[in-house]
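Below, each chain spelled out in residue letters.
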Amino acid sequence: KSVVHRLWKGSVSARMLSPRLQKAMKDYVSANKHRVAYRGHRDTQLSPKDLLCELKKQVRIRTLDGSEPPFSRLGWNRLVPPRTLDRLYGSRFRTCAVVTSAGAILNSSLGKEIDSHEAVLRFNSAPTEGYEKDVGSKTTIRIINSQILANPKHQFNTSSLYKHVTLVAWDPAPYAVNLWKWYKSPDYDLFTPYVEHRKKNSSQPFYILHPKFIWQLWDLIQRNTHENIQPNPPSSGFIGILLMMVLCEKVHVYEYIPSERHTDLCHYHEQYYDAACTLGAYHPLLYEKMLVQRINRGSEYNLRRKGRVTLPGTPRRIC
Ligand code: C5P
């Protein structure tokens, strides 16, 4: 049985990946670029409900608010949007769609269904123009990694992809988060373009995720996974899913756990083939997907047919 089939059923292991991906994983583990040292415990047998409660307990959306150095000294408390991301929209959205960029969404005809949600989250440079039938056309929030801000090829300042939406950027700091060090040497410089953009477009909500939030999510995945996961930050997809679970009452995620359309085509908008995009090499993607599968409340039929997962918002009261 294929890895994707195992994902649907909820039992995967890195041993099911191709030798090439296993080798790539091992190389990332030995490189340990972000100097991850996990000291927490593991509890890999939680029921879906308890897992959801864990999530609620562990996940606090945090963005840079200018209250800590070096950002406090740089006057960021006046630079960041006046309202925090979790308060930005007043009340919760009733329904939200998270649209991953996977090639498998091509020929899905999911566009109308996706657009029917109150809010839609997209990632990085994923376009809607020309792909409306499959991915829809509405975008409420866009999560972007630091490469989008730093690499001129993405034309961050001029492209319409990054206008009229809420922007949420992130960059992996070392695991033992030191904001000074991170500020001096991020993976890609997101700080300079952020400051510039905030000064010119102060009315557009634009946040940088706190690196502690990113690593909190990583800890959550490792705590709930038997195998040792890659010591690298979770994918934008996982970050986005958890973010929307806080902002929405109900979340539909599309083509994160691949449907029967699964393909090695990395992105629906690019002619580039690599199974690592779907199953992970750098990011602990396989384990993220396993975790999301465990809290899926949708049917296996919708998983196979639409690549659709249904998640509740992180509960306010129950836990
Ligand atoms: O590649 P990029 O990070 O821009 O894609 C957005 C997110 O969509 C990824 O972080 C990942 O979670 C998800 N994705 C996926 N399978 C793919 C491509 C993307 O699950 N083939």
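Preceding block: the structure.
Worth saying up front: this structure is predicted, and the values here are computed from it rather than measured.

Draft legend 1. Representation of helix α11 (residues 236–247) within the structure. In this model α11 runs 16 Å from its N-terminal to its C-terminal C-alpha over twelve residues, within 8% of the 16 Å that 1.5 Å per residue would give. The buried fraction of α11 amounts to twelve of the twelve residues, a majority that puts the element mostly inside the structure. S236, G237, F238, I239, G240, I241, L242, L243, M244, M245, V246 and L247 are the residues of α11 that are buried.

Draft legend 2. Structural view of the layout of surface pockets. The space that makes up the largest pocket amounts to roughly 1,200 Å³. Lining of the largest pocket is provided by 44 residues; of these, N124, N145, C266, H267 and H283 occupy positions nearest its centre. Among the secondary structure elements, those contributing two or more residues to the lining of the largest pocket are α2 (19–31), α7 (146–150), α11, α12 (276–279) and α13 (285–295). Ranked by the residues each element gives to the lining of the largest pocket, the list is headed by α2, at four residues. Put simply, the second largest pocket is a space of about 460 Å³. Along its surface, the second largest pocket is lined by 18 residues, and D86, R92, V246, T314 and R316 are the ones closest to its centre. Of all elements in the fold, only α3 (48–58) and α11 reach the threshold of two or more residues within the lining of the second largest pocket. Top contributing element to the lining of the second largest pocket by residue count: α3, with three residues. Counted by class, the lining of the second largest pocket contains eight nonpolar, three polar and seven charged residues.

Scoring rules and cut-offs
- Residues numbered from 1 in each chain as written.
- Predicted model: local features only at pLDDT ≥ 70, side-chain atom pairs only at ≥ 80, totals over all residues.
- Heavy atoms only, no water.
- Helix = DSSP H or I, 4+ residues; strand = E, 2+ residues; numbered from the N terminus.
- Expected span 1.5 Å × (residues − 1).
- Buried < 20%, exposed > 50% of the residue type's maximum accessible area, 1.4 Å probe, protein only.
- 1 Å grid on protein atoms, 1.4 Å probe; cavity = no way out; pocket = protein on both sides within 12 Å on 5 of 7 lines; lining within 4 Å.
- Points joined across faces, edges and corners; volume = space filled by probe spheres on them.
- Nonpolar A, V, L, I, M, F, W, Y, C, P; charged D, E, K, R; others polar.

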